[in-house]
Amino acid sequence: MWEPLIGCVGAFSLTIKLGAGSRIDYFSACSYTIRITEKAILSCTLRTIFITKFSTLGKGFTKQMSPQTLHRDVVILGSGPAGLTAAIYTARANLKPLLIDAPVDAAKQTAPGGQLMITTDVENYPGFSEGIQGPDLMVEFRKQAERFGTEFLEAWVDEVDLSERPFKLYSGDLTVVTQTLIIATGASAKWLGIPGEAKVPEGLGGNGVSACATCDGPLPAFRNRSLVVIGGGDTAMEEATFLTRYASRVYVVHRRDKLRASKIMQDKAFANEKIEFIWNSAVTEILGTPEDGVTGVRLRDQNGHDRIFPTSGVFVAIGHKPNTELFKGQLDMDEVGYLKTSGHSTATNIPGVFAAGDVQDSVYRQAVSAAGTGCMAAIDAERFLDHLPVAMPGGDEVTIEGEHITPDHTAIIEPDGSMIPNKVELAAED
């Protein structure tokens, strides 16, 4: 008898049959979370429940789960603005995409929906004149992708094999085989790991603590206030300079006596009358309450002396880390780990693999720019699939241009009937 391993009551369910009497059931569970703003934020968590087989052995039960394989034309990794936009476009093109997103994990700071799930008011996304809560925006993205038939799988991908197409992704006992792969795993802000920095309710993250001045700086909570920026590189100088548009004063706390930022960024910050520097000091704790938000930071100088420094907000600006560890050794990356794409496309160095969003963008890192590259990746993947040869009953293959590839793959018959060898011609020696 087949029994669900876990029970779940959800808003909807979707069952995918995998053959041989096994299947995967998807359940979407929706819940309301009361945040510091006392707004009820709808957050939907998609749970994957594997249906497993139990056999009776004496008085106990033994779980028997055989490896499963899914075959898809398009697989998308990541469910932020880039991934979900790619899902919307590929689903509307009837490519039946499978989107794999990371489960909720507080320690790893992951959740379906990406970084916007920890953002409060989003005021700069087009189409929302009054602004929108980050989690609400991602719920709308997801609903739109679902409406066109996107499949969702919440799972950790342990390994990928991009050595040949179709590509293979491994998650526990599940193998996903795909003709194209869109990587939209994003980038994560680097954090200090100090008390008070964690997301609410464990800390003050989202309640006066941020890692994105462009996203949160214009919010009323930070306007005409004294703010602290932590860091000494280009990211910190950019954040501090941007915040001077709204804050009454910006204090840059750096653990050394000189900055690591480029000279042009240093000059810009030093020339700004609203920016002051606190040298040779580290923030060891962020202080405040759930009711009042951030009220100060604990600073420790190079001699080990502590003091409390009052502030209304803290922006951690020590850089971002792209989530590309899974692809090292297979895809081209820059020195930081951002995926390299070709020209004005989202193509990586492996044909059929595309990158979108913050995973390949170290400059803009905005929801709207991520969504734009998600659209580009979807179109790139669709065109790639369109140009793949289609297998015919006789064993030959036909391309979109009308070319026939012989069953033994040794020759190509062009639409006019001429035949050319299907091999690389070696240059003639002099």
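Structural notes, computed from the coordinates. Please read all numbers here as calculations on a predicted model, not as lab measurements.

## As for the sheet that holds strand 26 (residues 397-398)
Part 1 of the reasoning: Taken in spatial order, the 5 strands of this open sheet run 25-26-27-28-29, and their pairing is antiparallel. Edge positions in the sheet fall to strand 25 (390-391) and strand 29 (419-421), since each has one partner strand and no second.
Part 2 of the reasoning: Note that strand 25 and strand 26 share 2 bridges and pair antiparallel. Residue pairing across strands places Val390 opposite Val398, the latter belonging to strand 26.

## Section: the state of the cysteines
Part 1 of the reasoning: Enumeration according to the criterion identifies 1 disulfide in this entry.
Part 2 of the reasoning: Between Cys212 and Cys215 runs a disulfide, and the two sulfur atoms are separated by 2.2 Å. Because the torsion about its S-S bond is 65°, the bridge between Cys212 and Cys215 counts as right-handed.
Part 3 of the reasoning: For Cys212, a relative accessible area of 18% puts it in the buried group.

## Here we look at the nonpolar core
Part 1 of the reasoning: Counting residues in each nonpolar core, the largest one holds 31 residues, and the members touching the most others are Ile76, Leu84, Tyr125, Leu137 and Ile182.
Part 2 of the reasoning: Sorting the residues of this core by element identifies strand 6 (68-77), helix 1 (81-92), helix 2 (134-147) and helix 6 (367-386) as the ones contributing at least two each.
Part 3 of the reasoning: If you tally residues by element for this core, the top one is helix 6, at 7 residues.
Part 4 of the reasoning: When residues no more than four places from it in sequence are discounted, the contact partners of Leu84 are Gly78, Ser79, Leu99, Met138, Phe141, Arg142, Ala145 and Phe152.
Part 5 of the reasoning: In terms of nonpolar packing, the next biggest core, distinct from the first, is built from 24 residues, Phe167, Val176, Met333 and Leu339 among them.

About the cut-offs
Residues numbered from 1 in each chain as written. Predicted model: local features only at pLDDT ≥ 70, side-chain atom pairs only at ≥ 80, totals over all residues. Heavy atoms only, no water. Pairing = 2+ DSSP bridges. Helix = DSSP H or I, 4+ residues; strand = E, 2+ residues; numbered from the N terminus. Disulfide = S-S within 2.5 Å. Buried < 20%, exposed > 50% of the residue type's maximum accessible area, 1.4 Å probe, protein only. Core = buried A, V, L, I, M, F, W, Y, C linked by side-chain atoms within 4.5 Å. Contact = heavy atoms within 4.5 Å.

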